[in-house]
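Next come the chains, spelled out residue by residue.
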Amino acid sequence: MASTSRFTTAAIACLAIAGSADAFTTSIPGKKSAVVKSFRNPTNLFVDGPKDGTTVTSARKEIGYDAKSGRFFETDIDKEDCVPEDEYCVVDKETGEMMRLTLEEKERIFLDALKSYHFNGRQLLNDAEFDLLKEDLSWNGSSMVNMNRKETQYLTAVQDYLKGKPSLSDSEFDQLKKELEEEGSQFASAKEPRCYIDTGICKVTYQPDNFRNNLLYLPVGAILSIIWLGIGFEIIEPLIRINPIILAALGAPLIYNGSLSITDQFIFPNNKIVYGPCPACENETRVYFGDILGVEGFGDVASVKCKKCKATINVQKKSFRASTLPKDD
């Protein structure tokens, strides 16, 4: 017991001497008793860090640094404020301040810049502005910055034609443009009106109204459905008891084909409904092509008047192109 007690006392004494002599503290070679201080002191954590009031700005927020607390915090930036270093901005003519644009507005500027450069040879934006706008649209997930092969071929063909060296024949160009219009490409069709100062003609591309076009087949489809169910209950029901839903499903192919045939041949032949803004005042306009119960209607070209501005609009059935008359007319 006595030896154990003496051993314990000696061990404690050794630890006390080592602690007072900084035995376990890292020292710098070449300097006597030079000791590297511990990082436990919070005031030394950001000795080489940012200065007080330093801010870091992103596209949507700004982060500032407070030296006293050693923490970063979000500053108050209005959501309407625009950061020109990270996104495409425009200058408000009234206030002279940077103004943030919506994604649709940015896409429209991008499309106008491309069309103006390829079609007219005019550069609306310089290279730096165009690259910033394209990068901004890419980060926002816009599909407009990614052109497919047909769109690239179309823009190249237009540019070659303006240079006097057409790369496609007229038939090939018309076929390519038609395919792009059917695919809904924004490079081959203009959904917003465009007016030309020299002629005064305003043009726009209409869209097919599939919902109202399908409603034309509803009357005949309803009548054929009632006739089918009536005949089914009168003939089939006495022999075999069948669920009305199953009976309607069995007659669906006949009802569908009968509705298409009767409507297209007798009630609304050659029917097509298109809609879009008026090229002059942007008032929504709908045009019906085809006949109604033997009464002849519009054929390849429809000439209608806008209900708001009373301007005459010529709409083509195949290309959906709508245009006003020249100023002289």
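Along each chain, numbering runs from 1 in the same order as the chain's sequence is written. Local features in this predicted model are restricted to residues whose pLDDT is 70 or higher, and side-chain atom pairs enter the listing and the counts only when it is 80 or higher, whereas totals over whole chains, interfaces and linings include all residues. Side-chain metrics rest on all non-hydrogen atoms present in the structure, leaving aside hydrogens and water.

A.B. asks: Sorry if this is basic, but what is going on with the pattern of salt bridges here?
C.D. replies: Note that side chains of opposite charge can pair when their charged atoms are close. We count a salt bridge whenever a side-chain nitrogen from Lys or Arg sits within 4 Å of a carboxyl oxygen from Asp or Glu. A complete count under the given rule lists five salt bridges for this structure. Salt-bridge contacts for glutamate 179 lead to lysine 150; the nearest nitrogen and oxygen are separated by 3.3 Å. Taken together, the positions of glutamate 179 in helix 5 (residues 170-182) and lysine 150 in helix 4 (residues 149-162) put the pair 29 residues apart, joining distant regions of the chain. A simple rule labels every residue: compare its accessible area, found with a 1.4 Å probe on the protein chains alone, to the largest value its type can have, and call it buried under 20%, exposed over 50%, or partly exposed in between. A relative accessible area of 22% means that lysine 150 is categorised as partly exposed. Arginine 286 is the partner of glutamate 284 in a salt bridge, and the nearest nitrogen-oxygen pair spans 3.0 Å. Secondary structure follows DSSP: runs of H or I at least 4 residues long count as helices, runs of E at least 2 residues long count as strands, and numbering of each begins at the N terminus.

A.B. asks: Just checking my understanding: could you explain the nonpolar core for this structure?
C.D. replies: Nonpolar side chains in soluble globular proteins tend to be buried together. Of all hydrophobic cores here, the largest spans 13 residues; its most connected members are Tyr206, Val274, Val287, Phe289, Ile313, Val315 and Ala322. Those elements that place two or more of their residues in this core are strand 10 (284-289), strand 11 (301-305) and strand 12 (312-316). When neighbours within four sequence positions are excluded, phenylalanine 289 is seen to be in contact with Asn270, Asn271, Lys272, Val274, Phe298, Gly299, Asp300, Val301, Ala302, Val315, Gln316 and Lys317. Core analysis: the second largest hydrophobic core is formed by 12 residues, Phe110, Leu114, Leu137 and Met144 among them. Nonpolar cores were defined as sets of buried Ala, Val, Leu, Ile, Met, Phe, Trp, Tyr and Cys residues, with membership established by side-chain atoms within 4.5 Å. Residue contacts follow a heavy-atom distance rule, with two residues in contact if any of their heavy atoms lie within 4.5 Å.

A.B. asks: What exactly am I supposed to notice about the pairing of strand 13 (residues 321-324) here?
C.D. replies: Along any regular strand the residues' side chains alternate between the sheet's two faces. Pairing between two strands requires that DSSP report at least two bridges joining them. Judged from the three bridges that link them, strand 7 (residues 202-205) and strand 13 form a sheet pairing that is antiparallel. Each bridged residue has a counterpart across the sheet, and for valine 204 the counterpart in strand 13 is alanine 322. For strand 12 and strand 13, the ladder comprises three bridges, and the chain directions are antiparallel. Of the residues in strand 13, the one forming a bridge with asparagine 314 is serine 323. Connecting the antiparallel pair strand 12 and strand 13 is a turn made up of four residues, with phenylalanine 320 showing a positive phi of about 65 degrees.

A.B. asks: It is not clear to me how the packing of helix 7 (residues 218-239) against helix 8 (residues 244-267) should be interpreted in this structure. Could you clarify?
C.D. replies: Each pair of packed helices can be described by the angle between their axes along with the distance between the axes. In this analysis, axes come from line fits to C-alpha atoms, helices being fitted only over the stretch in contact, and the angle between any two N-to-C directions falls in the range 0 to 180 degrees. Relative orientation of the contacting elements helix 7 and helix 8 amounts to 140 degrees, with a least axis distance of 8 Å. Comparing the axis directions of helix 7 and helix 8 gives the class oblique. Note that helix 7 runs across helix 8; the crossing there is right-handed. Listed contacts from helix 8 to Val220, Gly221, Leu224, Ser225, Trp228, Leu229, Gly232, Phe233 and Ile236 of helix 7 are Pro244, Leu247, Ala248, Leu250, Gly251, Leu254, Ile255, Gly258, Ser259, Ile262, Thr263 and Ile267. Geometric relationships in this document are graded by angle, where less than 35 degrees denotes roughly parallel, more than 145 denotes roughly antiparallel, 65 to 115 denotes roughly perpendicular, and other angles denote oblique. Less than a right angle of anticlockwise turn of the near helix away from the far helix marks a crossing as left-handed, whereas a clockwise turn marks it as right-handed.

A.B. asks: Please explain helix 7 as it appears in this structure.
C.D. replies: By this rule the span expected of a helix is its residue count minus one, scaled by 1.5 Å. Spanning 22 residues, helix 7 covers 31 Å between terminal C-alpha atoms, matching the ideal 32 Å at 1.5 Å per step. In the core, the buried residues of helix 7 are packed alongside helix 8.

A.B. asks: Help me understand the state of the cysteines, please; the structure alone is not making it clear to me.
C.D. replies: Chemically, a disulfide is nothing more than a covalent bond linking the sulfur atoms of two cysteines. The disulfide criterion used throughout: a pair of cysteine sulfur atoms within 2.5 Å. Inspection of every chain in the model, using the stated rule, returns zero disulfides. Note on cysteine 306: no disulfide assigned, nearest cysteine sulfur contributed by cysteine 281 at a separation of 3.5 Å. Judged by relative accessible area, cysteine 306 falls into the buried class, the value being 1%.

A.B. asks: How do you make sense of the environment of lysine 308 when you look at a structure like this?
C.D. replies: The topology assignment puts lysine 308 in the loop between strand 11 and strand 12. For lysine 308, a relative accessible area of 60% corresponds to the exposed category. Placed 25 residues apart in sequence, lysine 308 and asparagine 283 show a C-alpha to C-alpha distance of 6.8 Å. Leaving out residues up to four positions away in the same chain, lysine 308 has contacts with Cys281 and Asn283.

A.B. asks: Explain a nonpolar patch on the surface to me, please; I cannot follow it from the model alone.
C.D. replies: A patch consists of residues exposed above 30% relative accessible area that lack any salt bridge, with like charges linked at up to 9 Å and nonpolar side chains (Val, Leu, Ile, Met, Phe, Trp, Tyr) linked at up to 5 Å. All accessible areas in this document rest on Shrake-Rupley with a 1.4 Å probe, and a residue is counted as covered only by the protein chains that are shown. Together, Ile223, Ile227, Ile231, Ile235, Ile236, Leu239 and Ile240 give the surface a local cluster of nonpolar side chains, amounting to about 700 Å² of exposed area. Looking at the element boundaries, isoleucine 227 is found in helix 7. Isoleucine 227 gets classed as partly exposed once you look at its relative accessible area, which sits at 43%.

A.B. asks: It is not clear to me how the pairing of strand 11 should be interpreted in this structure. Could you clarify?
C.D. replies: Only one face of strand 11 is covered, namely the face carrying Ala302 and Val304; the face carrying Val301, Ser303 and Lys305 is uncovered. Inspection of the sheet shows strand 11 paired to strand 12 by five bridges, in the antiparallel sense. Paired with alanine 302 across the two strands is valine 315, which belongs to strand 12. Between the antiparallel neighbours strand 11 and strand 12 lie six residues, among them lysine 310 with a positive phi of about 65 degrees.

A.B. asks: Would you mind going over the sheet that holds strand 13 with me for this structure?
C.D. replies: Think of a sheet as strands paired side by side through backbone hydrogen bonds, with each pair either parallel or antiparallel. Pairing is antiparallel in the open sheet, where five strands are placed in the order 6-7-13-12-11. Looking along the sheet, the strands with just one partner apiece sit at the ends: strand 6 (194-195) and strand 11. Pairing between strand 6 and strand 7: two bridges, direction antiparallel. Each residue of the ladder has a partner; that of cysteine 195, found in strand 7, is cysteine 202.

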